[in-house]
Amino acid sequence: MSEDTSDSTEKARLETLCKRPEFLAAARARRQPANAMLVQARERGDGSDTVRVGFTCSKKVGNAVARNRAKRRMREVARLTLPTQGVPGWDYVLIGRRDATAERPFELLIKDLEYALRKIHGPSR
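Keep in mind that what you see is a predicted model, and the values were worked out from it rather than measured.

Undergrad: How would you summarise the overall build of the chain if you had to cite specific residues and measurements?
TA: Assigned secondary structure in the chain consists of three helices and five strands. Its C-alpha atoms give the chain a radius of gyration of 14 Å, near enough to 14 Å, the size a compact globule of 125 residues would have. A principal-axis box enclosing the C-alpha atoms of the chain has dimensions of 50 × 30 × 25 Å. Classification of the 125 residues of the chain by burial places 40% in the buried group. A separation threshold of at least 6 residues defines the contact pool for the chain, and within that pool the share at least 24 residues apart is 78%. Of the roughly 7,700 Å² of accessible surface on the chain, a fraction of 47% belongs to carbon and sulfur atoms. The distance from the centre of the 26 positive side-chain charges to the centre of the 16 negative ones in the chain is 11 Å.

Here it is, written out as C-alpha cells:
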C-alpha cells in the first residue's frame, strides 16, 4: 500500500504531548464538550503521520487520587480510540470533568470521545 493513500482501517501512531506550549496551542484551537470530558483539537500542519494526545485534569476534579484515576481512564480511552479515529497530523487534549470522568462507565467514555471526534472532524464547523 502506498504511503499517500489513507485507509480508514489504518492505525495512526500515538505520541504524548508533554510541553506546555503544545497544550496552549491546542487550547486556542477547536474544542468539543462531551459528557465525561472536553476535547481540544488542532491541526499541526507539519505533514506528520502521528496523532499526538495530552491529558489534564484541574483540581476541581478532586484530590490527586481522583485526578490520576480520571487521567488513567482517559489514557486508555485514547489508546483504544485515537489510532483508528484520530486524524494524523492533529493534536488532541483530553480534559477530565469533575464527577464524570472517573465514575462514567468505560463504554460510555469511549462513545464520548468518538462523539467529540465526529463533531470536530465533521463536514461543517
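Undergrad: Residue-level account of the side chain of Asp112, with values.
TA: Turning to its location among the elements, Asp112 is positioned in helix 3 (residues 106–120). Not counting residues within four places of it along the chain, the set of residues in contact with Asp112 comprises Ala34, Asn35, Ala36 and Arg104.

Undergrad: Can you explain the sheet that holds strand 4 (residues 50–56)? Please cite residues and give values.
TA: In space, the five strands of this open sheet follow the order 1-4-5-3-2, with mixed pairing throughout. Only two strands of the sheet have a single neighbouring strand rather than two, namely strand 1 (13–16) and strand 2 (30–33). Here the average twist between neighbouring strands, direction ignored, is 25°. As paired elements, strand 4 and strand 5 (residues 90–96) share five bridges and run parallel to each other. Within the sheet, the bridge partner assigned to Gly54 lies in strand 5 and is Val93. Each of strand 2, strand 3 (37–43), strand 4 and strand 5 touches helix 1 (residues 20–27); the most contacted strand, strand 3, lies at about 95° to it.

Undergrad: Give me the pattern of salt bridges: which residues, what numbers.
TA: If you walk through the whole model with that rule in mind, you get eight salt bridges. A salt bridge links Arg42 to Asp91; the nearest nitrogen and oxygen atoms lie 3.4 Å apart. Separated by 49 residues along the polypeptide, Arg42 in strand 3 and Asp91 in strand 5 bring together distant segments of the chain. In this structure, Asp91 engages Arg44 in a salt bridge whose closest nitrogen and oxygen atoms are separated by 2.6 Å. With Asp91 in strand 5 and Arg44 in the loop between strand 3 and strand 4, this residue pair connects regions lying 47 residues apart in the sequence. Take Asp91 and Arg44: they sit in the same class, and that class is buried. Taken together, the salt bridges that share partners define one network made up of Glu22, Arg42, Arg44, Asp46, Arg52 and Asp91.

The rules behind the values
Residues numbered from 1 in each chain as written. Predicted model: local features only at pLDDT ≥ 70, side-chain atom pairs only at ≥ 80, totals over all residues. Heavy atoms only, no water. Helix = DSSP H or I, 4+ residues; strand = E, 2+ residues; numbered from the N terminus. Rg over C-alpha atoms; globule rule 2.2 N^0.38 Å. Buried < 20%, exposed > 50% of the residue type's maximum accessible area, 1.4 Å probe, protein only. Contact = heavy atoms within 4.5 Å. Areas by Shrake-Rupley, 256 points an atom, 1.4 Å probe, with all protein chains shown as cover. Lys, Arg positive; Asp, Glu negative; His and termini not counted. Charge placed at Lys NZ, Arg CZ, Asp CG, Glu CD. Pairing = 2+ DSSP bridges. Axes fitted to C-alpha atoms, helices over the stretch in contact; angles between N-to-C directions. Salt bridge = Lys/Arg side-chain N within 4 Å of Asp/Glu carboxyl O.

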